[in-house]
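Structure at a glance
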Amino acid sequence: MKSVNDTYTLNNGLKIPCMGFGTYKAKDGKSTEIIGTAIRAGYRFFDTASIYETERLLGQAIRESGIPREEFVIASKLWIDEMGYEQAKKAFAASLERLGTDYLDLYLIHWPRSNAADPDWRTLDLETWRALEELYDEGKIRALGCSNFLPHHLENLMVNARVKPAVNQLEIHPGYSQEAAVAYCLAQGIRPMAWAPLGRFRDNPIVNEALGQMAEKYGKSVAQICLRFELEKGIIPIPKASGMEHMKNNMDIFDFSLSAEDVWVLSCMPQTAWIGQHPDFALPDKKSNPQQ
Ligand SMILES: NC(=O)c1ccc[n+]([C@@H]2O[C@H](COP(=O)([O-])OP(=O)(O)OC[C@H]3O[C@@H](n4cnc5c(N)ncnc54)[C@H](OP(=O)(O)O)[C@@H]3O)[C@@H](O)[C@H]2O)c1
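Residues numbered from 1 in each chain as written. Predicted model: local features only at pLDDT ≥ 70, side-chain atom pairs only at ≥ 80, totals over all residues.

**A few points about the overall build of the protein chain**
In terms of regular secondary structure, the protein chain is built from ten helices and ten strands. For 292 residues, the compact-globule estimate of 2.2 N^0.38 gives 19 Å, and the C-alpha radius of gyration of the protein chain, at 18 Å, lies within 12% of that figure. Viewed in the frame of its principal axes, the protein chain has a C-alpha envelope of about 55 × 45 × 35 Å. Scored against the burial criterion, the 292 residues of the protein chain give a buried share of 47%. (Helix = DSSP H or I, 4+ residues; strand = E, 2+ residues; numbered from the N terminus. Rg over C-alpha atoms; globule rule 2.2 N^0.38 Å. Buried ≥ 20, exposed ≤ 12 C-beta atoms within 10 Å, placed from the backbone.)

This is how it looks when you write it as structure tokens:
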């Protein structure tokens, strides 16, 4: 890969950029400023979700850019209260309306379970997926995917679904690199994608130390080391940033590579920097509202 818009070919033939731009909290009041700046910086792959409330802004920013819709890759997701066959169809139509487009490049189920205690999650996932498969058949979605699915959740789809997931978006960064889930995805031809790719490891002294040393050694920022680490592992990072400086910094990771030893070092960090939610085990204060 030589730039953010160099592509991977997904398991159904769709090509998508090796880095995207995350729009969670990219609201800046109600303006399109952050997303418009990201488009000017050169990003063409944008991640949104019904729960982020950025779909309208993303659609507007794309239209304002004057760049044809076909040059963008848009991923959106249906939220936990939009699961089920009928609900998924409605959720998809609402996302299209908010984005002002007539198709999505990627459409993902945001979480594998509507809540951690749901014993019927397998059926719910398959019913939701069936709706997505029909939309895929109709050409309204170019590739189907998952988010926060662990191998046992993916296996339900791999065994029982007609269309296999093309991507799986997971929390991945040094300090929480989800080795088992990433290995499963790569072995099954599912492209892993990293949310929170820059991590929130500031309080972990070992992860901080390792990243600080590598930033100095390679003459790069800690953010760039994190993103390069994900790129080296075949994972698509989707960092969010608020201004041109961070956006450009995050794109500038194609003129160096990490040694195999340093990739192992970062892959084996203490697993202490997790910020998300576990799909199968809810924390008492996060029962119905996982990390988005
Ligand atoms: N599937 C899911 O369940 C899920 C969950 C969470 C997020 N996501 C997706 O993943 C995207 C990324 O995750 P995220 O936004 O939580 O975390 P992130 O991209 O890892 O981190 C964003 C934070 O890093 C800062 N930052 C960006 N570039 C930087 C740089 N070069 N140097 C220093 N700091 C930098 C940003 O600050 P500034 O804003 O000040 O630049 C912001 O505070 C989201 O926007 C969303 O699209 C998906």
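**Description of the site of the ligand**
As a matter of local geometry, the ligand sits amid 25 residues, with Gly-22, Tyr-24, Trp-195, Leu-198 and Ser-242 nearest to it. Looking at the shell around the ligand, the element that brings in the most residues is helix α9 (residues 244-251), giving three residues. Along the lines of polarity and charge, the residues of the shell around the ligand split into nine nonpolar, 14 polar and two charged. (Near = placed C-beta within 6 Å. Nonpolar A, V, L, I, M, F, W, Y, C, P; charged D, E, K, R; others polar.)

**Considering helix α2 (residues 55-65)**
Of the residues making up α2, those classed as buried are Glu-55, Leu-57, Leu-58, Gly-59, Ala-61 and Ile-62. Turning to α2, the residues buried within the fold contact α1 (33-41), β4 (45-47), β5 (73-78) and α3 (85-99). Gly-66 lies just past α2 and shows a positive phi near 75°. (Contact = placed C-beta atoms within 7 Å.)

**As for the packing of α2 against α3**
Contact geometry for α2 and α3: axes closest at 7 Å, N-to-C directions at 40°. Overall, the two elements α2 and α3 adopt an arrangement that is oblique. Within the contact between the two elements, α2 uses Glu-55, Arg-56, Leu-58 and Gly-59 and α3 uses Ser-95, Arg-98 and Leu-99. Per-class residue counts for the contact of α2 with α3 are two nonpolar, two polar and three charged. (Axes fitted to C-alpha atoms, helices over the stretch in contact; angles between N-to-C directions. Parallel < 35°, antiparallel > 145°, perpendicular 65-115°, else oblique.)

**Section: the environment of Cys-185**
Mapped onto the secondary structure, Cys-185 falls in helix α6 (residues 179-187). Residues Cys-185 and Pro-165, spaced 20 residues apart in sequence, show a C-alpha to C-alpha distance of 9.5 Å. If sequence neighbours within four positions are ignored, Cys-185 has contacts with Asn-168, Ile-190 and Pro-192.

**Focus: helix α8 (residues 222-232)**
Taken across its eleven residues, α8 has ten buried, putting it largely inside the fold. Every buried residue of α8 is listed here: Val-222, Ala-223, Gln-224, Ile-225, Cys-226, Leu-227, Arg-228, Phe-229, Glu-230 and Leu-231. One or two positions beyond α8, positive phi appears at Gly-234, with a value near 75°.

**Remarks on unusual backbone geometry**
One non-glycine residue, Asn-148, adopts positive backbone phi at about 65°. Relative to the assigned elements, Asn-148 resides in the loop between β7 (141-147) and α5 (151-160). The exposure class of Asn-148 is buried, given the 24 C-beta atoms found within 10 Å. In this structure, Gln-178 is a non-glycine residue whose phi angle is positive, near 45°. Take Gln-178: it is sitting in the loop between β8 (167-171) and α6.

**What to know about the environment of Glu-209**
Relative to the helices and strands, Glu-209 is located in helix α7 (residues 205-218). By C-beta crowding, Glu-209 is classed as exposed, having 10 other C-beta atoms within 10 Å. The sequence separation of Glu-209 and Leu-170 amounts to 39 residues, and the corresponding C-alpha distance is 24 Å.

**So, the pairing of β7**
Summarising burial for β7: seven of the seven residues are buried, a large majority. Of the pairings in the sheet, the one linking strand β6 (residues 104-109) to β7 comprises five bridges and is parallel in character. Looking at the pairing, Leu-108 lines up with Gly-145 of β7. Note that the unit made of β6, helix α4 (residues 121-137) and β7 has a crossover that is right-handed. Relative to β8, β7 runs parallel, the two sharing three bridges. Bridge pairing links Gly-145 to Val-167 in β8. In this region the chain leaves β7, passes through α5 and returns to the parallel neighbour β8; the handedness of that crossover is right-handed. (Pairing = 2+ DSSP bridges. Right-handed = clockwise from strand over helix to strand, strands pointing away.)

**Comments concerning the sheet that holds β8**
Within the open sheet, the eight strands sit side by side as β3-β4-β5-β6-β7-β8-β9-β10. Their pairing is parallel. Each edge of the sheet is formed by a strand with only one pairing partner; in this case those strands are β3 (21-22) and β10 (236-237). Pairing of strand β9 (residues 191-195) with β10 involves two bridges; the strand directions are parallel. The residue of β10 that forms the bridge with Met-193 is Ile-236.

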